[in-house]
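Structural overview for review
The lines below spell out each chain.
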Amino acid sequence: MSSSKTLRKLQVVSPVPADIDIANSVQPLHISEIANELNLSPNHYDLYGKYKAKVLLSVLAEVEGSKDGYYVVVGGITPTPLGEGKSTTTVGLCQALGAFLDKKVVTCLRQPSQGPTFGIKGGAAGGGYSQVIPMDEFNLHLTGDIHAITAANNLLAAAIDTRIFHESTQSDKALLNRLCPPNKEGKRSFSDIMFRRLKKLGISKTRPEELTPQEVKKFARLDIDPDSLTWRRVMDVNDRFLRKITIGQGPEEKGMVRETGFDISVASEIMAVLALTTSLADMRERLGNMVIGNSKAGDPVTADDLGVGGALTVLMKDAINPTLMQTLEGTPVLVHAGPFANIAHGNSSIVADKIALKLVGPGGFVVTEAGFGADIGTEKFMNIKCRYSGLTPQCAVIVATIRALKMHGGGPEVIAGKPLDHAYLNENVALVEAGCVNLARHISNTKAYGVNVVVAVNMFSTDSEAELSAVRNAALAAGAYDAVICTHHAHGGKGAVDLGIAVQKACENVTQPLRFLYPLDTGIKEKIEAIAGSYGASGVEYSEQAEKQIEMYSKQGFSGLPICMAKTQYSFSHEASKKGAPTGFTLPIRDVRASIGAGFIYPLVGTMSTMPGLPTRPCFYDIDLDTATGKVIGLS
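Predicted model, so just to flag it, every value in this text is computed and none were measured. (Residues numbered from 1 in each chain as written. Predicted model: local features only at pLDDT ≥ 70, side-chain atom pairs only at ≥ 80, totals over all residues. Heavy atoms only, no water.)

Things to note about unusual backbone geometry
Trans peptide bonds make up most of the peptide bonds, and negative phi angles are found at most residues other than glycine. Put simply, the test is: Helix and strand assignments come from DSSP, with helices taken as H or I runs of at least 4 residues and strands as E runs of at least 2, each series counted from the N terminus. Only protein chains enter the area calculation, which uses a 1.4 Å probe; residues under 20% of their type maximum are buried, those over 50% are exposed, and those in between are partly exposed.
The omega angle of the peptide bond from Ser-14 to Pro-15 is -5°, so this bond is cis rather than trans. Residue position: Pro-15 is located in the segment before α1 (19-25). Pro-134 follows Ile-133 through a cis peptide bond whose omega is -5°. Its location among the elements puts Pro-134 in the loop between β6 (130-133) and α6 (135-139). The phi angle at Asn-39 is positive, at roughly 60°, despite the residue not being glycine. Turning to its location among the elements, Asn-39 is positioned in the loop between α2 (31-37) and β1 (45-47). By relative accessible area, which is 61% here, Asn-39 ends up exposed. Backbone geometry places Asp-223, a non-glycine residue, at a positive phi of 55°. Mapped onto the elements of the fold, Asp-223 is located in the loop between α10 (213-220) and β7 (233-235).

Here is the structure:
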């Protein structure tokens, strides 16, 4: 690809300017040029402006017989609250592979939520000279996928409360008559979606008037238990005052008041469904199978029971197509899905990865990023995403920084927004070596899946040669295939060429098949305990509520699903303050919930906030529009 029309040479300057200034200094190519380089013709994608396009799922059918390229996942060590540059490394590695090593490459990334963009984090397009552009479009509305998820999620929420309301005021017969109104000839019939419910109930009759009174009751009355409802409304804004709300206070709702709340849109199960689906038909089934709560008899109630699965699919029909963008150096990027990395699996979509692997072909590379540290993101990538996709990665990159390793070695607390302690800015090899226990456990955990592990050390100007050498030695001693110092933030792809070479060798020399941490046919507790063991826990303690939920999900037939652990990303353990590689602790499971449509059970380890709040000084103070040029300023 070195002769590619799309590749551009970056003019890097030092010190590195603000991310948005770098992004605005590079004129993106028309997205059709990026598509051409991947041999996509105009009928393979829909344009969304000049710089982004939706790649249509029909491409998969056309390339079905062709072979896949190499598949690489980027995870990290347990991070500081500042983040260690995982997205930046993912982009920098791809720029190195495409612009400097003549490889066909596609970067597959999650779409960021605009909540953190305006809140505490700023943008998530990478950083420095390793970014996805246009950065403002990547970080804000993009092609509207998150808005579609918001609309679908809230349609289902409205359907739930409306159904409870109507059932509370009508007889079984009246319900049936309203659910199956007469046509012009006066005949009643079931709509297509109703046959799904009839089949589930074991009723084979095809006309409403054939139902016995008992069947009418079973079919028409969902009898939802309001206390069992798990479905909440969502919006893509950090609004802490919506975490707990009361609904139904209007006079027409006849006193049907209940407590509920909002989550951020990326925490919606519909987002997790989008990320794990493999086709339009599969997405339709998953959306319809989403469980919103139980009936008073203890049976799960689904979106299809409410008659809304088809409508949800219609709202999501464009969102299933990944969005094509580009890096600063003109290599292609597929942006798709952005599930919460705690209560969901925190990985971009299966369909984007599948399309990308076919487009790069043998010898090409698809690099995707897993959310949070490898104990959460890479574990879920392997045990959840790879199970549903059937894809096998050859290499896993683990991103580390000297500052994070010093923190794990016993350094002072790192707090976002506060200057780093002098311990992080001056050489201290002993502190780095002590912290490498965290890196070593991530390496051994990740190697256990059968992939080769390459450590990428993101270098800062304050890092010394002795410190960097200590990390490399510790990584190799722990079993890493290679460990490479990277400067892609400051130099773009050129600063990750050594990483690219190491990743290529690691992919070419993989010798083992993919191995999962646990088999699916063991019980929920056995799977939880296998994951807890990888954290270093010596045991698991279940609350009364968790025991109750495990029993219920097992009884309902959901125990064969993979496990998606919801715990802090700041420690292997459940306590964020426990750095390094703690052992001998008991992991407490506070509650167990299920995303049946997405296809996983998620135990809660401690309290998880699914609606972030805004800090005293949110990022939106810096974000504005240059009204003379129309360019966004202040995104970081």
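Section: the packing of helix α4 (residues 86-100) against helix α20 (residues 497-508)
Heads up, the rule is: Here, axes are lines fitted to C-alpha atoms. For helices the fit covers the stretch in contact, and angles between N-to-C directions go from 0 to 180 degrees. To sort the angles, those under 35 degrees are grouped as roughly parallel, those over 145 as roughly antiparallel, those from 65 to 115 as roughly perpendicular, and the leftovers as oblique. Here, two residues are considered to be in contact whenever any of their heavy atoms come within 4.5 Å of each other. The residue classification treats Ala, Val, Leu, Ile, Met, Phe, Trp, Tyr, Cys and Pro as nonpolar and Asp, Glu, Lys and Arg as charged. All others, Gly included, are polar.
Interhelical geometry of α4 versus α20 gives an angle of 85° and a closest axis separation of 8 Å. The orientation of α4 relative to α20 falls into the category roughly perpendicular. Touching Thr-89, Leu-93, Ala-96, Leu-97 and Phe-100 of α4 are Val-497, Leu-499, Gly-500 and Val-503, all from α20. Classifying every residue of the contact of α4 with α20 gives seven nonpolar, two polar and no charged.

Brief notes about the nonpolar core
Just so we agree on the cut-off: Buried residues of nine kinds, namely Ala, Val, Leu, Ile, Met, Phe, Trp, Tyr and Cys, make up a nonpolar core once their side-chain atoms join them within 4.5 Å.
The biggest cluster of nonpolar side chains holds 88 residues, and the ones touching the most others in it are Leu-40, Leu-156, Ile-292, Met-316, Leu-324, Leu-334 and Phe-600. In this view, Leu-324 contacts Ile-31, Ile-34, Ala-35, Leu-38, Leu-40, Tyr-51, Lys-52, Ala-53, Val-55, Pro-332, Val-333 and Leu-334; residues no more than four positions away in its chain are not counted. Ile-531, Ala-546, Leu-587 and Val-605 belong to the second-largest nonpolar core, a separate cluster that totals 25 residues.

A word on the packing of helix α11 (residues 269-276) against helix α12 (residues 280-289)
Definition in use: By the definition used in this description, the sense in which the near helix is turned from the far one sets the handedness, with an anticlockwise turn below a right angle giving left-handed and a clockwise turn giving right-handed.
With their axes 10 Å apart at the nearest point, α11 and α12 run at an angle of 155° to one another. Relative to α12, the element α11 is oriented roughly antiparallel. As α11 runs across α12, the sense of the crossing is right-handed. Across from Ile-270, Val-273, Leu-274 and Leu-276 in α11, the residues of α12 making contact are Asp-282, Met-283, Arg-286 and Leu-287.

Looking at α10
Rules: This arc is taken over the directions from the axis of the helix to the C-beta atoms.
Turning to α10, its buried residues are Glu-215, Val-216, Phe-219 and Ala-220. Seen along its axis, α10 keeps its buried residues to an arc of 110°; they face one direction. Across α10 from its buried face, at more than 90 degrees, point the exposed residues Pro-213 and Gln-214. Buried residues along α10 sit against α7 (145-169), α8 (172-179) and α9 (192-200).

With respect to the pattern of salt bridges
We count it as follows: For this document, the term salt bridge refers to a Lys or Arg side-chain nitrogen within 4 Å of an Asp or Glu carboxyl oxygen.
Counted under the stated rule, the structure contains 31 salt bridges. With its nearest N and O atoms 2.8 Å apart, the salt bridge here joins Arg-258 to Asp-161. One end of the pair, Arg-258, is in strand β9 (residues 258-260); the other, Asp-161, is in helix α7, and 97 residues separate them in sequence. The class for Arg-258 is buried, based on a relative accessible area of 16%. A salt bridge links Lys-385 to Asp-353; its shortest N-O distance comes to 2.6 Å. In this pair, Lys-385 sits in helix α15 (residues 377-389) while Asp-353 sits in helix α14 (residues 350-360), placing the two residues 32 residues apart along the sequence. In terms of burial, Lys-385 and Asp-353 fall into one category: buried.

A closer look at the side chain of Arg-221
We count it as follows: Within 3.5 Å is the distance limit for a polar contact, defined as a pair of N or O atoms, with the added protein rule that one can donate a hydrogen and the other accept it, and that residues adjacent in sequence qualify only through two side-chain atoms.
With respect to the helices, strands and loops of the structure, Arg-221 is situated in the loop between α10 and β7. Here Arg-221 falls in the buried class, since its relative accessible area comes to 18%. A distance of 2.7 Å separates a polar atom in the side chain of Arg-221 from a polar atom in the side chain of Asp-172. Sequence-distant contacts of Arg-221, that is, excluding residues within four places in its chain, are made with Glu-167, Gln-170, Ser-171, Asp-172, Leu-175, Arg-197 and Val-216.

A few points about a nonpolar patch on the surface
What counts here: Exposure above 30% relative accessible area and the absence of a salt bridge qualify a residue for a patch, where like charges join within 9 Å and nonpolar side chains (Val, Leu, Ile, Met, Phe, Trp, Tyr) within 5 Å. A 1.4 Å probe and the Shrake-Rupley method give the accessible areas. Residues count as covered only by the protein chains that appear here.
Together, Leu-614, Phe-620 and Tyr-621 give the surface a local cluster of nonpolar side chains, amounting to about 300 Å² of exposed area. For Phe-620, the location among the structural elements is in the loop between β22 (600-604) and β23 (624-626).

A closer look at the packing of aromatic side chains
Where we set the bar: Two aromatic rings, drawn from Phe, Tyr or Trp (for Trp, its six-membered ring), form a pair once their centres lie within 6.5 Å of each other, and the interplanar angle then sorts them: stacked below 30 degrees, edge-to-face above 60, tilted otherwise.
Summed over all chains, the structure comprises six aromatic pairs. An angle of 40° between the planes, with centres 5.2 Å apart, marks the rings of Tyr-70 and Phe-365 as tilted. With Tyr-70 in strand β3 (residues 70-76) and Phe-365 in strand β15 (residues 365-369), the pair connects residues that are 295 residues apart, well separated along the chain. Accessibility expressed as a relative area gives 1% for Phe-365, which makes it buried. For the pair Phe-190 and Phe-219, a centre-to-centre distance of 5.2 Å together with 70° between the ring planes defines the contact as edge-to-face. Separated by 29 residues along the polypeptide, Phe-190 in the loop between α8 and α9 and Phe-219 in helix α10 bring together distant segments of the chain.

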